[in-house]
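Residues per chain, in single letters:
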Amino acid sequence: MKLVIIVINKTELLEEVLEYMVEAGITGGTVYDSVGMGKILVYDIPIFAAFKELMIGSKASNKTIITSVEDDKLDEFIDGVDKILHFDEPGTGVLFAIDIYKSKGLPKGKK
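Residues numbered from 1 in each chain as written. Predicted model: local features only at pLDDT ≥ 70, side-chain atom pairs only at ≥ 80, totals over all residues. Heavy atoms only, no water.

A. Broad picture of the overall build of the chain. Per the secondary structure count, the chain includes three helices and four strands. For the chain, the α and β elements follow one another from N to C terminus as β-α-β-α-β-α-β. Buried residues in the chain amount to 30% of all 111 residues. A sequence separation of at least 24 residues applies to 79% of the contacts in the chain between residues at least 6 apart. Counting only carbon and sulfur atoms, one obtains 58% of the accessible surface of the chain, whose full area is about 7,400 Å². (Helix = DSSP H or I, 4+ residues; strand = E, 2+ residues; numbered from the N terminus. Buried < 20%, exposed > 50% of the residue type's maximum accessible area, 1.4 Å probe, protein only. Contact = heavy atoms within 4.5 Å. Areas by Shrake-Rupley, 256 points an atom, 1.4 Å probe, with all protein chains shown as cover.)

This is the structure:
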């Protein structure tokens with residue numbers, strides 16, 4: 001089992017990603033609003049204010065999804081999300097998966 005974290009910079013694609021997750025059999029997860037570190041540095045910490053011009057066009061917030069995916073579904077799942085978000089294009093988001101050592105509260109068969 002893997003913990004998959006997806007940060008979506010193009011928040012207008014959130015619904016499409018969630019629809020894909022359901023189609024792929026991933027019916028649980030958490031979605032929350034998030035802000036990139038660069039945005040906080042530039043807008044909230046005065047010493048970095050000179051870098052504001054580098055942030056032009058970037059979003060004020062992102063959407064982050066955290067879910068668990070079974071090992072045998074992981075590669076296909078990542079490929080499906082990539083077809084929606086196009087991670088090879090700059091500014092679209094990131095996805096990574098890490099091993100889940102132990103878990104509690106996951107549905108039976110997902111441990």
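B. Up close: helix α1 (residues 14–23). For α1, the set of buried residues is L14, V17, Y20 and M21. Mapping the buried residues of α1 onto a view down its axis gives an arc of 125°, with all of them on the same face. Residues of α1 that are exposed and point more than 90 degrees away from the buried face comprise E15, V22 and E23. Looking at the buried side of α1, the elements it contacts are β1 (2–8), β2 (30–34), β3 (62–69) and α3 (74–85). Of the residues one or two after α1, G25 is the one with positive phi, at around 85°. (Arc of directions from axis to C-beta.)

C. Examining α3 more closely. Along its 12 residues, α3 runs 16 Å from first to last C-alpha, staying within 8% of the 16 Å computed at 1.5 Å per residue. Those residues of α3 that sit buried are L74, F77, G80, V81, I84 and L85. The buried residues of α3 occupy one face: seen down the axis, they fall within an arc of 130°. The outward face of α3, more than 90 degrees from its buried face, is lined by the exposed residues D75, E76 and K83. Elements in contact with the buried residues of α3: β1, α1, β3 and β4 (93–99). Backbone geometry just after α3 places H86 at a positive phi near 55°. (Expected span 1.5 Å × (residues − 1).)

D. Spotlight on a nonpolar patch on the surface. Together, V94, F96 and I98 give the surface a local cluster of nonpolar side chains, amounting to about 250 Å² of exposed area. Residue classification places I98 among the partly exposed residues on the basis of a relative accessible area of 41%. (Patch = residues over 30% accessible without salt bridge, like charges linked within 9 Å, V, L, I, M, F, W, Y side chains within 5 Å. Salt bridge = Lys/Arg side-chain N within 4 Å of Asp/Glu carboxyl O.)

E. Spotlight on the packing of α1 against α3. Where α1 contacts α3, the axes come no closer than 10 Å and their chain directions differ by 155°. When the axis of α1 is compared with that of α3, the two are roughly antiparallel. Judged by the sense of rotation from one axis to the other, the crossing of α1 with α3 is right-handed. Contacts from E16, V17, Y20 and M21 in α1 reach E76, F77, G80, V81, I84 and L85 in α3. Of the residues in the contact of α1 with α3, the class split is seven nonpolar, one polar and two charged. (Axes fitted to C-alpha atoms, helices over the stretch in contact; angles between N-to-C directions. Parallel < 35°, antiparallel > 145°, perpendicular 65-115°, else oblique. Left-handed = near helix turned anticlockwise from the far one by under 90°. Nonpolar A, V, L, I, M, F, W, Y, C, P; charged D, E, K, R; others polar.)

F. Layout of the side chain of K2. Among the structural elements, K2 can be located in strand β1. Among all residues touching K2, those that are not within four sequence positions of it are T67, S68, V69, D71, L74, A97, I98, D99 and I100.

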